[in-house]
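Listed below, chain by chain, are the residues.
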Amino acid sequence: QLVGGKEIKGFGAITDVDVLKRIKIEFQKKILQLNLKSIGISNYGTITKRGRPGLELFFNGEKMTLARWPNVGWDTIADVPQNGEVVFAGDSNHIKNGLPIGRHYGRIGYNGDRPANWSNAQNIFLYGYWVWDWHDEFLQVKSIDTIKKEITIKPPHSSYGYIKGARYYAVNVLEELDQPGEWYLNRDDGSLYFWPPAPIESGKTFVSLLDKPVIEIEGANNVHIEGLDIEFSRGNGIVMRGGENNLIAGCNFNNLGDIAVRIEGGFKNGISSCDIFNVAAGGIILSGGDRKSLTPAGNFAVNNHIHHFGQWLKTHQSAISLGGVGNYVAHNLIHDGPNSGIQLSGNEHILEYNELHHLGQETADVGAFYMGRNWTQRGNVIRYNYFHDLNGPGQNYVNGVYLDDFSSGTTIHGNIFARSSKGIEIGGGRDNIVSNNLFVECKLGISVDARGIGWAKYYFTGNDNTLFEGMDRVNYKQPPYSVKYPILLSLYNDEPAMPKNNKIINNISYKGKWIDLLDRLDFKTVLCSNNIVSEPDGKYKNEKDHVVNGNPGIINNKDGSFKLSADALKFGFKPLPFNRMGLMKDAYRKEVITPKFED
């Protein structure tokens, strides 16, 4: 076991009268105090806007909750004061409810009278989705005006400003330390206050201290790290840079304040059969290979169980973040995360036999798999994965596979999409192939839009040059891109805002709407053929598909698998390798919890 923190002892009753006045009388004897400076701890880290949580507290191996209000759920901004000049945040596409989004000097109005009870305001932080449900931030309080019912934020302010109705909650508020498992840190004098969920002497209490990687490897070859438990740290678990044939296997990463494992560059480096959970940020960052030369790295993440990640910052934190060229992600089980399961950039990656479920649990505009905003990131294959039970809170939708903002040249083949709000979204991209996938009980199987001629036309009017800059960065007019992806050479002369050459063939859809074609798209612009579609209302009209009544041949076994009858195969659909999806038993993983499927 490698621990990036320290066990702390010496808690006692609160004796400071001024502190006791800030705590409800019925809780005063339940909350204990320890001065961290008295035991040699004076570096508490920093709660940053888009970064680490700093010092965290753990009891009996579980992460404790920084005292917050409300205890569950959210408050919302009552109003955004707009006195004086408004400074607009972001580019011209950042519009909500028809109005540009402004910072308004970093003040927000609050509801009710709760903040009137809070003192020591500069020790308080607000966490929220200040405009968009795909971007969250921690902000430090500067002051609270209880007459005007306004909170002034200490710079830096939110990246996109603030809007009325945005959701947020307050953390590190002593007056809100009102239930077992909560704690508060006075960063001015080092006093830590804690209401333990069990008698303090019955367990061990740790705080995280190390803000560097627990293990750091650079330029090494043939190094194996096996069977370690790494926990209670503020920083990364393991960082591996460069080298060849290095392996991290059979390790547990738990209660970390940043990414569990970063594998950056090198060749044939990987992580296998590890468990990653209760981490503040993402699980694995896996990159390697050169995009300009399209040189593959062969790095890999295989047979890992990653869950309950993104516990501090929720957006842009994935179980696996994949980049570069020619890397491999397979047989991972990923679940219970607030945002994406796998986020991809780059070329020629293969993702297969993974199981992903219960993702996008707090955010919006999200996919269990996500990539976006680049025409040149091509050749990626998503095949034989099991995406299921992907439904966000409220009106939020969660895609199984989300090809956002013009993602192109991706193959999506042989996957299962079950009980999800949406199977696949093709967001304005082109040259994507969707084939031999099974959609069962999804609210919507596939959507394809032409956002480039609609709300996202700013990409083509000079307001945002992201797509064109991406083309230039890889020298698309020269080899290897001109040879590997010659279609890029004619892109600018072929209505680049239109989602051309997408092919949706040989799929099966049952118990859910099959497809939406948006922004004036139709079956002449999107090739949709030889799919088996069960739409009982008879509204689906596409002569190139096979419309059936009732079950098209999917057998739902009591173990939750989906076997296919001869009826499902008669139009050319190929059997799926159910028995290979999810975790596998190996030398490091003796048991698996993923249901095993039968051929």
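Conventions and cut-offs
- Residues numbered from 1 in each chain as written.
- Predicted model: local features only at pLDDT ≥ 70, side-chain atom pairs only at ≥ 80, totals over all residues.
- Heavy atoms only, no water.
- Helix = DSSP H or I, 4+ residues; strand = E, 2+ residues; numbered from the N terminus.
- Rg over C-alpha atoms; globule rule 2.2 N^0.38 Å.
- Buried < 20%, exposed > 50% of the residue type's maximum accessible area, 1.4 Å probe, protein only.
- Contact = heavy atoms within 4.5 Å.
- Areas by Shrake-Rupley, 256 points an atom, 1.4 Å probe, with all protein chains shown as cover.
- Lys, Arg positive; Asp, Glu negative; His and termini not counted.
- Charge placed at Lys NZ, Arg CZ, Asp CG, Glu CD.
- Salt bridge = Lys/Arg side-chain N within 4 Å of Asp/Glu carboxyl O.
- Pairing = 2+ DSSP bridges.
- Phe/Tyr/Trp six-rings, centres within 6.5 Å; stacked < 30°, edge-to-face > 60°.
- Lys NZ or Arg CZ within 6 Å of the ring centre and 35° of its normal.
- pLDDT = per-residue confidence, 0-100.
- Polar contact = N/O pair within 3.5 Å; in protein donor to acceptor, adjacent residues only side chain to side chain.
- Core = buried A, V, L, I, M, F, W, Y, C linked by side-chain atoms within 4.5 Å.

Focus on the overall build of the protein
Stage number 1. Broken down by element type, the protein carries four helices and 55 strands.
Stage number 2. Taking 25 Å as the expected radius of gyration for a compact globule of 599 residues, we find that the protein reaches 26 Å, a close match to that expectation.
Stage number 3. For the protein, the spread of C-alpha atoms along the principal axes amounts to about 80 × 60 × 50 Å.
Stage number 4. Within the span of the protein, comprising 599 residues, buried residues form 56% of the whole.
Stage number 5. Of the contacts formed within the protein by residues at least 6 apart in sequence, a portion of 65% connects residues at least 24 apart.
Stage number 6. Counting every atom, the protein has about 24000 Å² of accessible surface; 50% of that belongs to carbon and sulfur.
Stage number 7. With 63 positive and 65 negative side-chain charges, the protein shows a spacing of 1 Å between the two charge centroids.

Considerations on the pattern of salt bridges
Stage number 1. One pass over the full model with this rule turns up 28 salt bridges.
Stage number 2. One salt bridge in this structure joins Arg 373 and Asp 405, with 2.8 Å as the shortest N-O distance. Of this pair, Arg 373 sits in the loop between strand S38 (366-372) and strand S39 (381-383) while Asp 405 is found in the loop between strand S41 (398-404) and strand S42 (411-413), placing the two residues 32 residues apart along the sequence.
Stage number 3. For Arg 373, a relative accessible area of 37% translates into the label partly exposed.
Stage number 4. Here Asp 405 makes a salt bridge to Arg 451, at a shortest N to O gap of 2.7 Å. With Asp 405 in the loop between S41 and S42 and Arg 451 in the loop between strand S47 (444-449) and helix H2 (466-473), the pair connects residues that are 46 residues apart, well separated along the chain.
Stage number 5. For Asp 405, a relative accessible area of 3% puts it in the buried group.
Stage number 6. A relative accessible area of 2% places Arg 451 in the buried class.

Examining the pairing of strand S25 (residues 252-256)
Stage number 1. Of all the five residues making up S25, four are buried; the element is thus mostly covered by neighbouring parts of the structure.
Stage number 2. Two elements, strand S22 (residues 229-233) and S25, share four bridges in a ladder whose sense is parallel. Across the sheet, Ser 233 pairs through a bridge with Leu 256, a residue of S25.
Stage number 3. Summarising the sheet, S25 and strand S28 (residues 275-279) pair through four bridges and their orientation is parallel. Note that in S28 the partner of Leu 256 across the bridge is Val 279.

What about the sheet that holds strand S4 (residues 32-35)?
Strand pairing in a sheet relies on backbone hydrogen bonds. The paired strands run either parallel or antiparallel.
Stage number 1. If you trace the five strands from one edge of the open sheet to the other, you get S3-S4-S18-S17-S7, paired in mixed fashion. Here the strands that pair on one side only, and so sit at the sheet edges, are strand S3 (12-13) and strand S7 (65-66).
Stage number 2. Judged from the four bridges that link them, S4 and strand S18 (residues 191-194) form a sheet pairing that is antiparallel. Bridge pairing in S18 places Leu 34 opposite Leu 192.

Points about the packing of aromatic side chains
Stage number 1. In the structure shown here, the tally under the stated rule is 36 aromatic pairs.
Stage number 2. Here a set of aromatic residues connected by ring pairs shows up, and it is made of Trp 375, Phe 406, Tyr 458, Tyr 459, Phe 460, Phe 468, Tyr 476 and Tyr 492.
Stage number 3. Across from the ring centre of Tyr 169, 3.6 Å away, lies the NZ or CZ of Arg 68, which sits over that ring.
Stage number 4. For Arg 167, the ring lying beneath its charged end belongs to Tyr 129, and the centroid distance is 4.0 Å.

Examining the confidence of the model for the protein
Stage number 1. Mean pLDDT over the protein stands at 92; residues scoring 70 or higher make up 93%.
Stage number 2. Ignoring residues within four places in sequence, the model shows residues 83-103, a span with pLDDT below 50, making 47 contacts including any to other chains.

Observations concerning the environment of Arg 234
Stage number 1. Summarising the element assignment, Arg 234 is placed in the loop between S22 and strand S23 (238-241).
Stage number 2. Given the relative accessible area of 4%, Arg 234 is considered buried.
Stage number 3. Taking the C-alpha atoms as reference, Arg 234 lies 45 Å from Ile 453; in sequence the two are 219 residues apart.
Stage number 4. The contacts of Arg 234, once residues within four sequence positions are left out, are Asn 43, Tyr 44, Gly 45, Arg 52, Gly 54, Leu 55, Ser 208, Leu 209, Leu 210, Asp 211, Gly 257 and Asp 258.
Stage number 5. For Arg 234, the side chain forms a polar contact with the main-chain oxygen of Leu 209, separated by 3.4 Å.

Some points on the nonpolar core
Stage number 1. Formed by 62 residues in total, the largest nonpolar core has its most connected members in Phe 253, Ile 271 and Phe 369.
Stage number 2. For this core, the element with the most residues is S38, which contributes four residues.
Stage number 3. Leaving out residues up to four positions away in the same chain, Phe 253 has contacts with Ile 230, Gly 237, Ile 238, Ile 248, Ala 260, Val 261, Ile 271, Cys 274, Asp 275, Ile 276, Phe 277 and Val 279.
Stage number 4. With 27 residues, the next largest nonpolar core counts Leu 36, Phe 59, Tyr 169 and Val 207 among its residues.

Some points on the pairing of strand S16 (residues 167-171)
Stage number 1. With five of its five residues buried, S16 lies for the most part within the structure.
Stage number 2. Burial of S16 is two-sided: the residues Arg 167, Tyr 169 and Val 171 facing one way and the residues Tyr 168 and Ala 170 facing the other way are all buried.
Stage number 3. Judged from the two bridges that link them, strand S8 (residues 68-69) and S16 form a sheet pairing that is antiparallel. Paired with Trp 69 across the bridge in S16 is Ala 170.
Stage number 4. Bridging between strand S9 (residues 75-76) and S16 involves two bridges; their strand directions are antiparallel. Across the sheet, the residue bridging to Asp 75 is Tyr 168, located in S16.
Stage number 5. Pairing of strand S13 (residues 125-129) with S16 involves five bridges; the strand directions are antiparallel. When the bridges of S16 are listed, Leu 126 appears paired with Ala 170.

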